2 protein chains.
Amino acid sequence: MSGAQSMGMELPLDQILRGECVETMRGLPSGSVDCIFADPPYNLQLRGELRRPDDSLVDGVDDDWDKFTDLQAYDKFTRDWLTEAHRVLHKDGTMWVIGSYHNIFRIGAILQDLGFWILNDIVWRKSNPMPNFRGRRFTNAHETMIWVAKSETSRYRFNYQAMKALNDDVQMRSDWYLPLCTGNERLRNEHGLKLHPTQKPESLLHRVILASTAVGDVVLDPFTGTGTTPAMARRLRRRFIGIERHPDYVAAARDRVEREVPLAEDAVQATPDKRETPRVPFGSLVEQGLIGAGVALCDKKQRVQATVAPDGTLVSGTKRGSIHKMGAMLTNAPSCNGWTFWHFERNGELLPLDVLRQESLALAQQTMEMALQTAVG
Amino acid sequence: MSGAQSMGMELPLDQILRGECVETMRGLPSGSVDCIFADPPYNLQLRGELRRPDDSLVDGVDDDWDKFTDLQAYDKFTRDWLTEAHRVLHKDGTMWVIGSYHNIFRIGAILQDLGFWILNDIVWRKSNPMPNFRGRRFTNAHETMIWVAKSETSRYRFNYQAMKALNDDVQMRSDWYLPLCTGNERLRNEHGLKLHPTQKPESLLHRVILASTAVGDVVLDPFTGTGTTPAMARRLRRRFIGIERHPDYVAAARDRVEREVPLAEDAVQATPDKRETPRVPFGSLVEQGLIGAGVALCDKKQRVQATVAPDGTLVSGTKRGSIHKMGAMLTNAPSCNGWTFWHFERNGELLPLDVLRQESLALAQQTMEMALQTAVG
DNA sequence: GAAAGTCTTGAATCTTGGG
DNA sequence: GCCCAAGATTCAAGACTTT
């Protein structure tokens, strides 16, 4: 699954690389990173020239395109780094790009043009935004992140259950309410001034990484700044590659990452999705004697019934099939999850088959641990 | 100020015109409307059918008007109608365009290309969005509106005080929390089925018109549908021009507008919304670092214990769940308020989690007030 | 008649692994 | 690559029905 693992090549893991974004990405192998988080510059207010948030001038006036307006220069800059990001991303990888109304629409359009497949646009609602000083517009209280897969067919990672758990057991929505980066979290220089103008809050990256990566995955940040992405990757036991051109930021980010203590291994385990737990064929439960052949099953409301056959199929009248097929057939549904549909009786209570699956998995876990102890002892 | 007044020409005021969007706009004089609200097709590109977990079928948008061959075709369509809209708009006028991630980035980029000047992007947060049934993405819980002036130099209208009053006397933010159009407000045909697949809520247009127009201003809607914009314009004593090509929708919109009673002249003022109370998921406290992953919790009498996971669940042995579920499970109670049940240690004292929730809310309140003071001072 | 329970529905790019 | 079967998956409102 992990891009780094599948490559078998040298990746500069857990490092902040100093250099230009596009040029440095060119040194990385194709399909080598599992996830990218990018916070590109969007200083578009200046007329005739394009500057990064650190006030450095983007070299946008080339012979070829000095006739372009600055919007077009920004588009070229965007297309260049996104093209390289697309190449470096694993075929099942995803990318997050954050921006404001100044640049996010251009980024979104170019993402689509390059074949990225949009999964969500996420709104970061700021709990403490800067008010609109002159009262001429609505308070600009949010920024937008676009979450894309490398292609429409990518089998991307989304830790659905972890996100649901994080939100009091209801689906996580596309609007996230999080505070700005302030207080002690904000890196400052010796004069007490903020080191970076757009340092992102750790809570934002915490959620991004927890949602879309697994422990050990490689996370790339091509505009690392003061290293929020690497720091959170390290905390959550992911690998990281940071790219940053400004030496002051590189130094600050390296410092910061070194100070970051990874969480204990058992503390980074978020709620796993059911899709990740090993499959248990229903027939194996019969073999193990967790449920006997001949036992009668029914749905929760006891409207339909069936009997367990020794090969793990269900029989009802002349009909026979898997727990899923039979559930679908008897309810005229297009499909059915037999594990939650069918129930059996235990101590006068109706329990879903899923209970047996859990018990089977727990049993397997137990014997595995016992085997390990025996081996050690 | 008003485009209509300054023209001294005949405008088809307070009418729903039947016709194609671009062609019909061509019949309107340049610079003749004060405000445009546009809800163009989203280019959803839906594939097969989608079913809810209970196997019921979702009634998706499959209308012909939302079918485009590719992104280029959609871009051309967009550029065409936006060009005409730009011509028709008064030099000091503003326009609102609503969309989702499928189309809004292309629209935003083209708006900038055509010289429109972005004032805000506004997020309509839906109080009751459709969930993501397959658990493969975040709930798509919002749509985006881009608010633009005709040009950078437009002296546009923004009713700042009205918006502030509407929001309990604090600046209106760029994220609006409003319900979908349902119930009696939703227009239905003789079979009780929704007349239009994407009817917008009146509350949304109410706020848009109140924010950006004066009494008597001319509001144009080039994709009128069932006439929400004309109806709200009439209610708020603005003039309107609607354009719609489907005769059924034209008939419904005309009917609707006729039934709409304009507010009394002295009543065309802000009506306050109900205030939302912020809910704090336990997971967000972990993200914000108010409590760390790996921290040990216990009940007041220290009979049961559990550890905090990075997604805000608690773990105890092989058991895992929300703070509420785990409290209930470990005490064999039917339910449990995790906020008051679980305690953590601070300075040798056992404090309930609720303390952290209070601190989180107070923190958000504080930073908000500081920001406002800065703005005023 | 009130309260509690059931049903319906909304701009949706909505699965995955093995043969 | 395709095909097929296993199997994972929903929240808030409002209308409607039953107790």
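Residues numbered from 1 in each chain as written. Chains lettered and ligands numbered in written order. Predicted model: local features only at pLDDT ≥ 70, side-chain atom pairs only at ≥ 80, totals over all residues. Heavy atoms only, no water.

### Concerning the overall build of chain A
Worth spelling out the cut-off: Strands are runs of DSSP state E lasting at least 2 residues, helices are runs of H or I lasting at least 4, and numbering of each runs from the N terminus. In this scheme, a residue with accessible area under 20% of its type's maximum is buried, one over 50% is exposed, and one in between is partly exposed, where area comes from a 1.4 Å probe on protein chains only. Contacts: residue pairs with any heavy atoms within 4.5 Å of one another. All accessible areas in this document rest on Shrake-Rupley with a 1.4 Å probe, and a residue is counted as covered only by the protein chains that are shown.
If you tally the helices and strands in chain A, you get twelve helices and 14 strands. Per-residue burial for chain A yields a buried fraction of 55% across its 377 residues. The contacts in chain A between residues at least 6 apart in sequence include a share of 67% that link residues at least 24 apart. Element-wise, carbon and sulfur atoms account for 50% of the exposed surface of chain A, whose accessible area totals about 17600 Å².

### Brief notes about the protein's contact with DNA strand C
The condition that has to hold: Here a residue counts as near a molecule or strand whenever at least one of its heavy atoms sits within 4 Å of it. Here a polar contact means two N or O atoms within 3.5 Å. Within protein one must be a hydrogen donor candidate and the other an acceptor candidate, and residues neighboring in sequence count only if both atoms are side-chain atoms. Gly is placed with the polar residues, together with every amino acid not listed as nonpolar (Ala, Val, Leu, Ile, Met, Phe, Trp, Tyr, Cys and Pro) or charged (Asp, Glu, Lys and Arg).
Taken together, the neighbourhood of DNA strand C is formed by 38 residues, with Gln45(B), Arg52(B), Tyr101(B), Arg134(B) and Arg186(B) sitting nearest. For DNA strand C, the fraction of protein-proximal atoms (within 4 Å) that sit in sugar or phosphate groups is 48%. In the model, a base oxygen of DNA strand C is placed 3.3 Å from a nitrogen or oxygen of the Trp117(A) side chain. Arg134(B) places a main-chain nitrogen or oxygen 2.5 Å from a base oxygen of DNA strand C. Residues of the surface near DNA strand C, tallied by class, amount to 18 nonpolar, eight polar and twelve charged.

### Some remarks on the nonpolar core
Heads up, the condition is: Put simply, a nonpolar core is a bunch of buried Ala, Val, Leu, Ile, Met, Phe, Trp, Tyr and Cys residues held in one set by side-chain atoms that sit within 4.5 Å of each other.
Counting 66 residues, the largest nonpolar core has Trp81(A), Met95(A), Trp81(B) and Met95(B) as its most contacted members. Examining the composition of this core, we find that six residues originate from one element, helix H3 (residues 70–88) of chain A, more than from any other. Other than its neighbours up to four places away in sequence, Met95(A) contacts Ile36(A), Trp81(A), Leu82(A), Ala85(A), Leu89(A), Leu111(A), Phe116(A), Ile146(A), Trp147(A) and Val148(A).

### Quick word on the side chain of Lys150(A)
All names here are of chain A. Convention followed: The charge count treats Lys and Arg as positive and Asp and Glu as negative. His and the chain ends do not count. Each salt bridge in this description consists of a side-chain nitrogen of Lys or Arg and a carboxyl oxygen of Asp or Glu lying within 4 Å of one another.
Structurally, Lys 150 can be placed in the loop between strand E5 (142–149) and helix H5 (160–166). Summary of buried charges: Lys 150 has no salt-bridge partner, and the nearest side chain of opposite charge, Asp 92, is 9.5 Å away. Once you skip the residues sitting within four places of it in the chain, Lys 150 turns out to touch His 86, Arg 87, Leu 89, His 90, Lys 91, Gly 93, Gly 115, Phe 116 and Trp 117.

### Structural notes on the protein's contact with DNA strand D
The environment of DNA strand D is made up of 26 residues, and the closest members are Tyr160(A), Lys164(A), His324(A), Arg357(A) and Arg134(B). Per the 4 Å cut-off to the protein, sugar and phosphate atoms form 60% of the nearby atoms of DNA strand D. Between Tyr160(A) and DNA strand D, the recorded distance is 2.5 Å, taken from a side-chain N or O atom to a phosphate oxygen. The dominant element in the surface near DNA strand D, judged by the number of residues it contributes, is H5(A), at three residues.

### Some thoughts on the pattern of salt bridges
Residues and elements named next belong to chain A. Applying the stated rule across the entire model yields 43 salt bridges over all chains. The shortest N-O distance in the salt bridge between Lys 274 and Asp 354 comes to 2.9 Å. Within this pair, whereas Lys 274 is found in the loop between helix H8 (247–259) and helix H9 (282–287), its partner Asp 354 is found in helix H12 (residues 353–376), the two being separated by 80 residues in sequence. According to the relative accessible area criterion, Lys 274 is partly exposed, its value standing at 48%. Each member of the salt-bridge network shares a partner with another, and the members are Glu 202, Arg 235, Arg 256 and Glu 260.

### Some points on the confidence of the model for chain A
Residues and elements named next belong to chain A. Inclusion rule: pLDDT expresses how confident the predictor is about each individual residue, on a scale running from 0 to 100.
For chain A, the mean per-residue pLDDT works out to 90, and 90% of the residues sit at or above 70. Between residues 44–48, whose pLDDT stays under 50, and residues either more than four places distant or in other chains, the model counts twelve contacts. Predicted confidence is poor over residues 60–68, with pLDDT under 50, and the contacts of this stretch with residues over four places away or in other chains come to seven contacts.

### Describing the sheet that holds strand E7 (residues 218–221) of chain A
Residue and element names in this part refer to chain A. Test applied: Pairs of strands are assigned from DSSP output, requiring at least two bridges between the strands. Between N-to-C directions, angles cover 0 to 180 degrees, with each direction set by a line fitted to C-alpha atoms, over the stretch in contact for helices.
Spatially, E1-E8-E7-E2-E3-E5-E4-E6 is the arrangement adopted by the eight strands of the open sheet, whose pairing is mixed. Edge positions in the sheet fall to strand E1 (15–18) and strand E6 (175–178), since each has one partner strand and no second. Strand after strand, the sheet turns through a mean of 20° between neighbouring axes, direction not considered. Where strand E4 (residues 117–126) lies against E5, eight bridges are found, and the strand directions are antiparallel. The partner of Arg 125 across the bridge, within E5, is His 142. Strands E1 and strand E8 (239–244) of the sheet are contacted by H8, whose axis makes an angle of about 175° with E1.

### A few points about the domain arrangement of chain A
It is common to give the size of an interface as the accessible area that goes away when the parts come together. Quick reminder of the rule: The domain limits used here are those given by an automatic or database domain assignment.
The assigned domain composition of chain A is domain 1 (3–275) and domain 2 (278–376). Using C-alpha coordinates to define each centre, domain 1 of chain A is positioned 44 Å away from domain 2 of chain A.

### Examining H8(A)
Selection rule: An expected span of 1.5 Å times one less than the residue number is assigned to each helix.
Along its 13 residues, H8(A) runs 19 Å from first to last C-alpha, staying within 8% of the 18 Å computed at 1.5 Å per residue. Of the surrounding elements, those touching the buried residues of H8(A) are E1, helix H6 (202–212), helix H7 (228–235) and E8 of chain A.

### So, the sheet that holds strand E5 (residues 142–149) of chain B
Sheet strands pair by backbone hydrogen bonding; their relative direction is either parallel or antiparallel. All names here are of chain B. Strand order in the open sheet formed by eight strands is E1-E8-E7-E2-E3-E5-E4-E6, with mixed pairing between adjacent strands. The open sheet has two free edges, formed respectively by strand E1 (15–18) and strand E6 (175–178), since each of these has just one partner strand. Neighbour to neighbour, the strand axes of the sheet diverge by 20° on average, direction disregarded. Sheet topology places strand E3 (residues 89–99) next to E5; six bridges connect them, and they run antiparallel. Within E5, the position partnered with Thr 94 by the bridge is Ala 149.

### Comments concerning the environment of Cys35(B)
All names here are of chain B. As for its position among the elements, Cys 35 is in strand E2 (residues 33–38). In this structure the C-alpha to C-alpha distance between Cys 35 and Thr 226, which are 191 residues apart in sequence, comes to 19 Å. Setting aside residues no more than four positions away along its own chain, Cys 35 makes contact with Leu 89, Thr 94, Trp 96, Ser 212, Thr 213, Val 218, Val 219 and Leu 220.

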